[in-house]
Amino acid sequence: MTTPHPLPKTRPQWAAARRVVVKIGSSLLVDRRLGELNAGWLASLAQDVADLARAGKQVILVSSGAIALGRHMLGLSSGPLELEKSQAAAAVGQVSLAGAYQTVLRAHGLTAAQILLTLSDTEERRRYLNARQTIATLLAHCAVPVVNENDTVATSEIRYGDNDRLSARVASMMSADCLVLLSDVDGLYTAPPGSGVDAHRLDEVRAITPEIEAMAGSVGSELSRGGMVTKIEAGKIALASGTNMVITSGKVTHPLRALSQGTPCTWFIAHSDPVAARKRWIAGQLEPKGSVEIDAGAERALASGKSLLPAGVTRVEGTFERGDAVIIRAADGRELGRGLIAYARADATRIIGRKSGEIAAILGHAGRTELVHRDDMVLSKS
Ligand code: GLU
């Protein structure tokens, strides 16, 4: 592995990104023949993460490698594994994987945090809100979340199976500005690898058209090897969420530094930013399941950018679960905005009008301070 020749140009989408998700594929991290981690490469990545953190960026890693590491430790043969064997391998390998990240990040004074997610954790709003909140709390405490799919419990019908799409979901869930897919290829080519057609790498993609999809090859075909199909799927998720995505080679040491130095890659440029995309989703795409009526003090607090606390709510209506969208109304019935509510109706009814400090005593368990967090709320234009 060599460090690429530094080129001068940093993309503004990379330079300006405050929150980035970096996906690391197994083939970069694990020497499949020996079943060992590429320790030198991982150390170089940790150095890059530390540099980004020092530059004020929040970094979330999505790392594969559990199965590749664990299968060797369990003495499983090479080639495709049955589901239960890959799950067993993941259980073994994940321990080493998390430990390795802890060690390399600690060398730079950074704390690693392991997050294992299933498809339903990212698809169901109730669970999604929990995962989002936990990762946000870790970032606020300067920890580096290291995410992988929870392979040991995910069954074939309900698993991602690939970390390209998982990383895009994480980027979307966390409203990240940028998703970096470190790959064994340096971008998207105009024809699938090995198709015999003269192909060149695209510098930039602004919409995922059928032509772009065709460049990735078809699912399951030999030509789609290199996982371009799942990368394009990841691109669709990212662009819809206002997250820019870049595919670049991870087969160099310091791959993120290389990105800053203008290494070859393909950028997928989103039309809006993550905050606007999330607000559109909350305000326009979710059907409200109920409403909450708030007092004048809470109305002023919302207008000044604060969250909605239970104390300011006078009434709730409708049948909603935690994470559902609700309409926020003033005492005279005016719609003030919409948001995702942090409590189901039964619990919300018990805590409205009460101080947040009383929530644990009333419900018998600790809950969120806010009924609707300001990040989960869109105010109507007045
Ligand atoms: N979650 C799997 C692992 O850690 C990898 C999935 C992928 O390679 O995309 O081994």
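Before reading further, recall that the structure is shown in the block above.
The rules behind these values
- Residues numbered from 1 in each chain as written.
- Predicted model: local features only at pLDDT ≥ 70, side-chain atom pairs only at ≥ 80, totals over all residues.
- Heavy atoms only, no water.
- 1 Å grid on protein atoms, 1.4 Å probe; cavity = no way out; pocket = protein on both sides within 12 Å on 5 of 7 lines; lining within 4 Å.
- Points joined across faces, edges and corners; volume = space filled by probe spheres on them.
- Helix = DSSP H or I, 4+ residues; strand = E, 2+ residues; numbered from the N terminus.
- Nonpolar A, V, L, I, M, F, W, Y, C, P; charged D, E, K, R; others polar.
- Near = heavy atom within 4 Å.
- Polar contact = N/O pair within 3.5 Å; in protein donor to acceptor, adjacent residues only side chain to side chain.
- Areas by Shrake-Rupley, 256 points an atom, 1.4 Å probe, with all protein chains shown as cover.
- Sits in = over half its atoms within 2 Å of the grid points.
- Expected span 1.5 Å × (residues − 1).
- Bend = angle between axes of the 7 residues up to and from the residue.
- Buried < 20%, exposed > 50% of the residue type's maximum accessible area, 1.4 Å probe, protein only.
- Pairing = 2+ DSSP bridges.

Draft legend 1. The arrangement of empty space enclosed by the protein in detail. Scanning the model with the defined rule gives one cavity of 30 Å³ or more in all. Roughly 100 Å³ of volume is contained in the largest cavity. Residue lining of the largest cavity: Leu129, Arg132, Gln133, Arg322, Leu340, Ala342, Arg368, Glu370, Leu371, His373 and Asp376, and that is the complete set. Ranked by residue count, the leading element in the lining of the largest cavity is helix 7 (residues 125–140), at three residues. For the lining of the largest cavity, the class distribution of residues is four nonpolar, two polar and five charged.

Draft legend 2. Molecular detail of the site of the ligand. The ligand sits among Ser26, Ser64, Gly65, Ala66, Ile67, Asn148, Asp151, Gly161, Asp162 and Asn163. Measuring from an oxygen atom of the ligand, one finds a side-chain N or O atom of Ser64 at 3.4 Å. Take Ile67: an N or O atom from its main chain is 2.8 Å from an oxygen atom of the ligand. Coverage of the ligand by the protein amounts to 85% of the 300 Å² it exposes when considered alone. Counting atoms within 2 Å of the grid points, the majority share of the ligand lands in the largest pocket. When its residues are assigned to classes, the shell around the ligand shows two nonpolar, six polar and two charged.

Draft legend 3. Structural context of helix 5 (residues 83–106). Relative to the 34 Å expected for 24 residues at 1.5 Å per residue, helix 5 spans 34 Å between its end C-alpha atoms, a close match to the ideal helical length. At Gly93, helix 5 shows its strongest bend, of approximately 30 degrees. Of the residues making up helix 5, those classed as buried are Ser86, Gln87, Ala89, Ala90, Gly93, Gln94, Leu97, Ala100, Tyr101, Val104 and Leu105.

Draft legend 4. Structural detail: the pairing of strand 7 (residues 178–183). Where burial is concerned, most of strand 7 is hidden: six out of the six residues are buried. Here strand 7 shows a buried face lined by Cys178, Val180 and Leu182 and a second buried face lined by Leu179, Leu181 and Ser183. With six bridges connecting them, strand 7 and strand 9 (residues 244–249) associate as parallel partners. Note that in strand 9 the partner of Ser183 across the bridge is Ser249.

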